[in-house]
Amino acid sequence: MRRICLFISFLSMFTSGFAQLSPEAKQAKKEAILAAIQLPEIPVYEVSVINFGAKGDGKKDCKKAFDKAIQHLKKKGGGTLHVPKGTYLINGPIHFISHFNLHLEEGAVLQFGSNPEDYPTVFTSWEGTFVYNHSPLIYGKYLTDISITGTGIIDGEASETWLQWKPKETADKLLSRKMNHEGTPIKDRVFGNGHYLRPQLIQFVNSKNILLEGVQIEDAPFWCVHLLQCESVTLRKLTYDAHNKNNDGIDLEYTRNVLIEDIKFNNGDDNIAIKAGRDHEGRANAATPSENILIRNCSFKGLHSLVIGSEMSAGVQDVFVENCTAHGYLKRGIYFKTNADRGGFIKDIYIDNVSFKDTEDCFYITANYHGEGSGFNSKIKDVFISNIQCTSASGTAIVIQGYPESKVENVQFKNIHIQKATNGISITNTQHIDFKDVIIGEAATVPTAVK
C-alpha cells in the first residue's frame, strides 16, 4: 500500500463567499425542524392481540388476529395494540390505520411469512419509481398519527425466501425504469405475482406524525424502513441486525421534517439513504424534495453510513448530521451519488463531529454514478463538513467528481483528520472547494534542515 501523508492547513481552490449558515442561523434552522415535527397523538384505548386469537408460539398464523384487532381499534377511533412476549407468525402484511400504535413488549417477535401470494399489490415505489407491487410487510397510506414502539423484534424472515429473488429482479427493475422514462400511467405499472421486485419491510406512504422507537429490525426482504411522501417523522432508539441484499436501514423519499437519533445501525447496505425519486418522474415532482432532516447521536455500521441518492431527482436539501460514530469497516463513510440521468440537486448539507474507522473512501461525492445518462446533470453545492476523524481510507480519502458544465461547487472541509490513505484527494470538475485544517496521514511539523 502506498502511504500518503498530506497536511493542508489552509487551501482554497477558487473560493468565493460560501452560502454557509452562521452558527446561530444553523441552530435556528435545526430548532425550526424540530418545531415542525409532531409526535403522534394516540387515543388511550389499549387492547392485546392475544384477545383476538393470536398465539405467540411461532406456529399459528396470527394474520387474522392482527387484522381483527386493528379493525376493532379503527371502530374505537384508534389506540394501542399490545403484542406480549412470544413469537407471532404472520402470513401476510399488517396494514396500519390512523391514530394507531403497535407496541411490541419485551420478548415479542413478529415473524412474517414469505409466500408472495399472501402479499397483495399496493401503491408503492421501487428504487425511485412509483409502481404497484407486493405489499410491504408493514404498510400504511394516507395516515396520520401512527407509531411502532416497544423493545420487541420485527423479523422479515427473508434470507431463505425473498432474498432468492435478487438474481431474478433485473428484467422487472429495467421495466420499471422504462415505464418511468416513458411516462407510463402508474395504474399500468403492475408488478406483484409473477414478478420479482422484493417488498420493503416497513413502508408508510403520504402519511404524517410518525414515530418508530425502540424496536429491533431484522432480515428484511428489501429496504428496512421506507418513508415515501411523508412528513413530521421521528425515528429513534431503533436497533438493526439486517444483512440481506439491499437492507438499507432508513430510506427517506420525498419526505420532510425528520428527526433520526440514537439509532444503532448494523445493516447489509446503506445505514441512512436520502432519496427523492428517479429521473423523469422525480423531476416531475420537484415541488416535493426531501428536506429538513436532522440526524444525530447515531452509531453507524454497514456498507455506507450516510448516502444521498442516487435517486434524488426532486432534490435533497437542508440535511444536518452531528455527533455520530461508526463501528467497523464501511465501504464509504459519506457518499453523495447522482448522474446525468437524474437532474435535481443536493445542497445545504451540514455534517459535523463524526468519527469513522476503516473505510475504502471516507468521502465520495460524485455526479457520475455508474457513468450513466445524459442531458440531466444534477447540481451539488453548499456542502459543509467539519470535525471528522477517520482511521483509514484504503482507496481515496476525499473524492469529488462533477461535470465540466455542472461543477460541484461550494464544498468546505474543516478540521478533518484521516490517519492514513492509499490516495489523498481526487477532485475533478469543481469550483470553490475549501480546505481548512485537513490532515491526511501524519501532521507535518517543522521543516527538516538541509544536511
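A quick note: this is a predicted structure, and the numbers were derived from the prediction, not measured.

Chemist: Just checking my understanding: could you explain the packing of aromatic side chains for this structure?
Modeler: Any aromatic ring pair is given by two values, namely how distant the centres are and how the planes are angled relative to each other. This structure, assessed with the given rule, holds 19 aromatic pairs. Taken together, a centroid distance of 5.9 Å and an interplanar angle of 25 degrees make the contact between phenylalanine 130 and tyrosine 254 stacked. On the criterion of sequence distance, the pair formed by phenylalanine 130 in strand 10 (residues 129-134) and tyrosine 254 in the loop between strand 20 (250-253) and strand 21 (256-261) is long-range, its members being 124 residues apart. Taken individually, phenylalanine 130 and tyrosine 254 each receive the classification buried, so the pair is uniform in this respect.

Chemist: Quick question: what am I supposed to make of the sheet that holds strand 3 (residues 57-61) here?
Modeler: In a beta sheet, neighbouring strands are held together by backbone hydrogen bonds and run either parallel or antiparallel to one another. Here 6 strands make up an open sheet; going across it, the order is 3-5-8-13-16-19 and the pairing parallel. Pairing within the sheet leaves two strands with one partner each, and these edge strands are strand 3 and strand 19 (239-241). In this sheet, neighbouring strand axes are inclined to one another by 20 degrees on average, regardless of whether the strands run parallel or antiparallel. Two elements, strand 13 (residues 153-155) and strand 16 (residues 216-218), share 3 bridges in a ladder whose sense is parallel. Residue pairing for strand 16: isoleucine 154 is matched across the bridge by isoleucine 217. Set on the sheet, helix 2 (residues 63-75) makes contact with strand 3, strand 5 (86-90) and strand 8 (108-112); between it and strand 5 the angle comes to about 90 degrees.

Chemist: I'm lost on the pattern of salt bridges in this one. Help?
Modeler: When the charged atoms of two side chains with opposite charge come close together, those side chains can pair. Inspection of the entire model under this criterion finds 22 salt bridges. Measuring nitrogen to oxygen at the nearest pair gives 2.7 Å for the salt bridge that ties lysine 379 to glutamate 409. Of this pair, lysine 379 sits in strand 29 (residues 379-401) while glutamate 409 sits in strand 30 (residues 408-428), and the two are 30 residues apart along the sequence. Three or more residues are tied together by salt bridges with common partners; here these are Lys166, Glu169, Lys173 and Arg198.

Chemist: Sorry if this is basic, but what is going on with the environment of aspartate 270 here?
Modeler: Its location among the elements puts aspartate 270 in strand 22 (residues 270-275). Since its relative accessible area comes to 3%, aspartate 270 is described here as buried. The spacing of aspartate 270 and valine 319 is 49 residues in sequence and 17 Å in space, taken between C-alpha atoms. What aspartate 270 contacts, discounting residues up to four positions off in sequence, is Asn247, Asp248, Gly249, Leu303, His304, Val307 and Lys337. Reaching out from aspartate 270, the side chain makes a polar contact with the side chain of histidine 304 at a distance of 2.7 Å.

Chemist: Could you clarify how one ought to interpret the nonpolar core in this entry?
Modeler: Here is a general trend for soluble globular proteins: nonpolar side chains tend to be buried in one another's company. Within the largest apolar cluster, 111 residues are counted, with the highest numbers of intra-cluster contacts made by Phe66, Leu110, Phe204 and Ile295. Tallying contributions element by element places strand 29 first for this core, with 9 residues. If we skip the residues at most four places from it in the chain, phenylalanine 204 touches Phe96, Ile138, Tyr139, Gly140, Ile146, Ile148, Ile210, Leu212, His226, Leu227, Leu228 and Cys230.

Chemist: Just checking my understanding: could you explain the confidence of the model for the protein for this structure?
Modeler: Keep in mind that low pLDDT regions are not for reading the predicted coordinates in detail. When pLDDT is averaged along the protein, the result is 95; 96% of the residues meet or exceed 70. Note that pLDDT drops below 50 for residues 9-16; the model gives that stretch 21 contacts with residues more than four away or on any other chain.

Chemist: How do you make sense of the side chain of aspartate 348 when you look at a structure like this?
Modeler: Along the polypeptide, aspartate 348 turns up in strand 28 (residues 345-366). For the buried aspartate 348, no salt bridge exists, and the shortest N-O distance to an oppositely charged side chain is 4.9 Å, to lysine 347. In this structure aspartate 348 touches Gln317, Asp318, Val319, Lys381 and Asp382, once residues within four positions along its chain are discounted.

Chemist: Where do I start with the pairing of strand 30 in this structure?
Modeler: The side chains of a regular strand alternate between both faces of the sheet. As paired elements, strand 29 and strand 30 share 15 bridges and run parallel to each other. Within strand 30, the position partnered with cysteine 390 by the bridge is isoleucine 418. Two strands pair when backbone bridges link them, and strand 30 and strand 31 (residues 430-440) are joined in this way by 9 bridges, in the parallel orientation. Bridge pairing in strand 31 places valine 408 opposite threonine 430.

Chemist: Where do I start with the environment of alanine 19 in this structure?
Modeler: Looking at where alanine 19 falls in the secondary structure, it is placed in the loop between strand 1 (6-13) and helix 1 (23-35). Residues alanine 19 and isoleucine 154, 135 residues apart in the sequence, show an inter-C-alpha distance of 43 Å. If near-sequence neighbours (up to four positions away) are discounted, alanine 19 is found in contact with Tyr350, Asp382, Phe384 and Asn410.

What counts and what doesn't
- Residues numbered from 1 in each chain as written.
- Predicted model: local features only at pLDDT ≥ 70, side-chain atom pairs only at ≥ 80, totals over all residues.
- Heavy atoms only, no water.
- Phe/Tyr/Trp six-rings, centres within 6.5 Å; stacked < 30°, edge-to-face > 60°.
- Helix = DSSP H or I, 4+ residues; strand = E, 2+ residues; numbered from the N terminus.
- Buried < 20%, exposed > 50% of the residue type's maximum accessible area, 1.4 Å probe, protein only.
- Pairing = 2+ DSSP bridges.
- Axes fitted to C-alpha atoms, helices over the stretch in contact; angles between N-to-C directions.
- Contact = heavy atoms within 4.5 Å.
- Salt bridge = Lys/Arg side-chain N within 4 Å of Asp/Glu carboxyl O.
- Polar contact = N/O pair within 3.5 Å; in protein donor to acceptor, adjacent residues only side chain to side chain.
- Core = buried A, V, L, I, M, F, W, Y, C linked by side-chain atoms within 4.5 Å.
- pLDDT = per-residue confidence, 0-100.
- Lys, Arg positive; Asp, Glu negative; His and termini not counted.

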